[in-house]
Each structure stands twice: as structure tokens, then as C-alpha cells.
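# Structural description and commentary
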Amino acid sequence: MEKDARPNWDSPMQFVLACVSYAVGLGNVWRFPYLCQMHGGGGFLIPYFIMLLVEGVPLFYMELAIGQKMRLGSIGAWTAISPYLGGVGLASVVTSLYLCLYYNIINAWSFWYLFHSFQSVLPWAVCPINANRTAPIEECERASPTQYFFYRETLNISSTIEENGGIHTGQALCFLLTWVITYLCVVRGVQSTGKVVYFTATFPYVVLFIYLIRGFTLHGAVNGVKYMFTPKMDQLANPTTWINAATQIFFSLGLGFGSLIAFSSYNQYNNNFERQAITVSLINSGTSIFASIVTFAIYGFKATINYENCLERTRILLLNTFNLAEDTINMDNVFEWIEKLNATYPEQFNEIANDTGNCDLEKELATAVEGPGLAFIVYSEAITNMPLSQLWSVLYFIMLLLLGVGSMLGNITAIITPLQDFKAASRISSELFNGLVCLFCLLLGLGFTTTSGNYWFTIFNDYGATFSLLFIVLIEVITVSYIYGIKRFEKDIEDMLGHRPNWYWKIMWVAISPLLLIVLFVFYIVNYIMGGTPTYQAWDKEEGKSVLTEYPVFGQVFIALLLVSSVSCVPLTALYVFCRKRKHGKAHKQQHALNAVSA
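Thresholds applied
- Residues numbered from 1 in each chain as written.
- Predicted model: local features only at pLDDT ≥ 70, side-chain atom pairs only at ≥ 80, totals over all residues.
- Heavy atoms only, no water.
- Helix = DSSP H or I, 4+ residues; strand = E, 2+ residues; numbered from the N terminus.
- Expected span 1.5 Å × (residues − 1).
- Buried < 20%, exposed > 50% of the residue type's maximum accessible area, 1.4 Å probe, protein only.
- Core = buried A, V, L, I, M, F, W, Y, C linked by side-chain atoms within 4.5 Å.
- Bend = angle between axes of the 7 residues up to and from the residue.
- Phe/Tyr/Trp six-rings, centres within 6.5 Å; stacked < 30°, edge-to-face > 60°.
- Lys NZ or Arg CZ within 6 Å of the ring centre and 35° of its normal.
- Disulfide = S-S within 2.5 Å.

### Describing helix 15 (residues 273-322)
An ideal rise of 1.5 Å per residue puts 74 Å on 50 residues; helix 15 measures up with 72 Å between its terminal C-alpha atoms. Counting buried residues along helix 15, 35 of its 50 residues qualify, which places the element largely inside the surrounding structure. A positive phi of about 50 degrees marks Asn323, the residue just after helix 15.

Next up, the structure:
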């Protein structure tokens, strides 16, 4: 395809917003706060920013440079560098396909919660009544209203991955709606996406800012924010802290999926991607911190409410057990009375000892939750305790939807762009081809709306991308530095920007980033092997909680296939190209010999 025939972004701002919309996703809201909570609060920011400088920004810069120089999707770009490396682009497409299959189910859940937010009482605020209309449903009472609504009403989840049921009609319709919206956003390629990102990249910040103001007015919010910014420096000696900081940077920026290469391939040839790489990386990390402040304010509110409810239960227990006057014990002196009554009436106190003294604000704040559990259970529970809870619920799930849709635009573009670079696909109209890709993903993804769908979602979320992306980006940086050649890459950048990259970029590409990726790759493999049989959280409706369960044999086999399927594209493509060249070489020699004999 000629360079001039390729469509372009209307302006550099559109490209930046597309990258921001893609990079700033659900992980900024539900994984970064979890890692801060797990690894020492503010102390986690130290390894996080170090990894941003030595890994995130250099690799982000590299992918933008490749896309802008080659003006092709991931498959075409790597094939242009070397025919043997076309499998790197193919591996990116396969990984993006896996992500697209399950990512939109999260958006479907957001739609489900959004539609249920327009009720006088939020349905996850109270337990529904049983069929006899005599009491709340037992499963809900054993769990909590928010857990029941997520696991039973939203997912209608089965007890194990082996128990499969029919499709959840409501979820299937929400899933269909998400794919219709995704298609409308990419129907005409960058012409459509470029308009949508003005909204998907900016409105979530409006909601986050509103939530920040509201969060700081909530009772106990300060406790959560103080917990976040109180560093526990001992965590810096923990290797897992550094590994998690590196992987969070890696996945948050969306490296290795091919989306960045696809987006930058629509840039003007002399676009200043260096400045844009730094800008988008800093915006992404800044958003993670901003979202964490909001999240910890909500954490503080929820933890304080739970803590005070615990104190109130303990206070009433003490008053009833020891026949004390109502105003004898208050929230401020509960622990003093526990010590006093324990010393005065040890035998009587011993009977209720297990029900007292378990109230601990620090413990409530330290309860770390990530992923859907944070977004759809913890946040939802906190929202129910807010005045005008319906308003805050609508705003929150609209924000989740926009973050999810913005990321989906990058994910689907990573599939569409490299495929459209092939001549066969280029003959089909953009509207039809993009529709076929979306329809294909919709049909394959319907399995996630079944009763066991959430367990398959967990498999894809845990194993569908991590291993392959580490491998893909490691091959990318080694290829650029040592196969394509760092000197040649420098000249390409000079041709586009008018100056060569400075020493910082070259040191990162040649030494630091590859070494770090090798460490991450080895750590992942060792961790997977040492971890034993893979497990998942199965919902036990009798207990009203999740229980750790080992995957059955077919689940373990599927995980293994998922891990190797995308990675195997690299050696298999190289082998195919080698065999093809060898075959053509033999045919050429035979033809040459025949011509010589004829002569």
C-alpha cells in the first residue's frame, strides 16, 4: 500500500487522545490501587516510577517509532523488518484477539449495573425476599447483598467450571450491546475512532474529579488516603514488589498488543512521537495515582463504616451481657470497657470473648481486593452507603464503561489494522470487514455469558496475555537493538524527527529493558512451575463465599494451550518462511539448470 493512500489522524491531538483512551483503562482503577495496598502504600510509588523510566517509556517510544516508520500494522511492520519476524506481529494479533474475546464482558457487566442503577433502591443494597416471602434468600444472608447481586443476579454462576448451564439472556443482550457500540466506534477506522476518543479519553477524568470531591467529603475518607500515602519502606526489600511494579507499567501502557504500532501507523511521517510517548506515559501513571486517591478515599469510607458498625455491635453485646445502662459505653470507650469487664468478670466475659475485640480499622484498610471484586463488589457496597446512591452509581458505571470502551478501541484496532494490510482484506470495504471481525469476536465471546463463563473469563484474564506479551516485547526489543540494528533504528528516528535519540533511550533499548524483560519472563515461568496446580475461586452458594478450587484436567490443558498458542506463532512463522525460501531456492536452481541444458 502506498504511504499516501493510508488514512491519517486528523491531528496529533487525536492520536494522543487515542493512546490515552487505550492506555488508561480498568487496570488503572482496579489493579494499581490494589498493588499500592499490597506493597506498602506510598512506598510502592518508588519502584513504580523507576520501572516507568527504565521500562515503560522506552518501550512505548520504540513501538510508536516502529509503527510510524513502517506505516503498517504489527504483522506488516515486523515482516518488513525481517520476513522471519512476521510471527511477532501474528502473536500480537492472537493475544489481542484473546483480550477482545473477554474484555467486552466487563463492559457488559457495567451496562448491567448501569441499567439496574435507575431504581428507588439499588438492588445490591438489600437481599431479595425468598419465594415464600417470609425472609431474605439464605444465600444472600450468608454472603452479602453486593456479593449476591454480582454472583447470582449478574453472573448466575455455577458451583464449578465443570458445571455448565445456558446463556444468561440479560448478560448476552448487554454483551451484544457492547459489541454494537464497539463496531460503531471503529466502523470507518481512524475516521470513526478519532472522533470517539475525544469523549472516551476525557469524560472519565470528569467523573474521577467529581468522585474525588465527593470522596473527601465522606466520613472516614481521610483514613484511607493517609493509609495510601503512609509508606512501608520494608516492602522495597521484597522482590515481588519490584516485579509487580514492572508488570503493572508493562500492561497499563498496553505494550506488545500491537495497538500502539497500529495507532502510530496512521501518523504523519514527521509527527513528533517522542514527545507524545513521554506525555502519554506520564498521563497514564498520573491517572493511576489520581484514581488511587479516589479509591482509597472510598476504601477509607467503607473501612470506617465497617469498623464503626463492629464497635456498635460490640457495644450492644456488652450492654446486654452485663446489664449496663445505655449511655455507659460509647464508641470511644468500647476497648476500655472490654479490658475492664474482662478483668472484673473473667468467666462471664470468656463466653463472649470471640465476639469482641475483633474491630480493627487498620485491618479493614489492609483488606486488598482487585479486579471485578473491587469494581463490582467493594465499590458497589460503598455506593450503597452514600446519600443519592443512584446518582453515584450511574456516574461510576458510566466511567467504567468509557474506560472499557476506550481500551477496546485499541484492542480491536490491533486486530483490524494488520489484517487490512493484506491485499485480500483490503479489497473488502472497511465497514464490512470491521463488522465481520466484531461479529466473530461476539460469537466466540458468548461463552462468557454462560453460568460457568466467569471461570473461563478468569482463565483468559490470568493466562491469555501475560506470558505471551512478555515474550513478544522481549523479541521486539532484541530485534530492534541487535537484528535490525540500533544504528539503523537511530537513522530512522532521525529521518522522522530531525534528530537522533539521546544516550538514555539507547542504553534502555540495548541493555536495561532487555535484561529487565528477561528477569520478568524467567520469574513468570518459575512462578508458574512452582505454583503447582492452577487454582481458581469457585462460588459456594451453601457457604456464601468463594473457595479456592483446583482446575480440572481439561482446564489445565486449556491453560497450557492458551500460554503456547500465541507464542508459538513466532517460531512457526519463521520455520514456514525458511521452508518456503528453501523450496523456492531449489525451484530456482532447477530452472537455472534446465535453462543451462537447453542452452
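Okay, back to it.
### Observations concerning the nonpolar core
One finds Tyr211, Phe376, Ile412 and Phe489 to be the most contacted residues of the largest nonpolar core, which totals 177 residues. Here this core gets 18 residues from one element, more than from any other, and that element is helix 6 (residues 86-115). Among the nonpolar cores identified, the runner-up in size contains 14 residues, and Cys310, Leu318, Phe322 and Ile329 belong to it.

### Observations concerning helix 20 (residues 389-420)
Compared with an ideal rise of 1.5 Å per residue, which puts 32 residues at 46 Å, helix 20 spans 46 Å between its outermost C-alpha atoms and is within 8% of the ideal. Where helix 20 bends most, at Thr413, the angle is about 30 degrees. Most of helix 20 is tucked away: 28 of the 32 residues are buried.

### So, the packing of aromatic side chains
A complete count under the given rule lists 50 aromatic pairs for this structure. The interplanar angle of 85 degrees and the centroid separation of 6.2 Å between the aromatic rings of Tyr22 and Phe263 together place this pair among those described as edge-to-face. Here Tyr22 is found in helix 1 (residues 12-23), whereas its partner Phe263 is found in helix 14 (residues 259-264), with 241 residues between them in sequence. Take Tyr22 and Phe263: they sit in the same class, and that class is buried. Look at Tyr396 and Phe397: their rings are 4.9 Å apart centre to centre, the planes differ by 70 degrees, and that puts the pair in the edge-to-face class. Phe397 gets classed as buried once you look at its relative accessible area, which sits at 0%. Between the NZ or CZ atom of Lys340 and the centre of the ring of Trp337, over which it lies, the distance is 4.4 Å.

### Notes on the state of the cysteines
A full pass over the atoms with the stated rule returns two disulfides. Here Cys127 is linked by a disulfide to Cys140, with a sulfur-sulfur distance of 2.0 Å. The disulfide joining Cys127 to Cys140 has a torsion of about -85 degrees about its S-S bond and is therefore left-handed. Here Cys140 lies in helix 7 (residues 138-142) and Cys127 lies in the loop between helix 6 and helix 7, a separation of 13 residues in the sequence. Residue class for Cys140 comes out buried when judged on its relative accessible area of 1%. The side chain of Cys310 participates in a disulfide bridge whose partner is Cys359; the two sulfur atoms lie 1.9 Å from each other.

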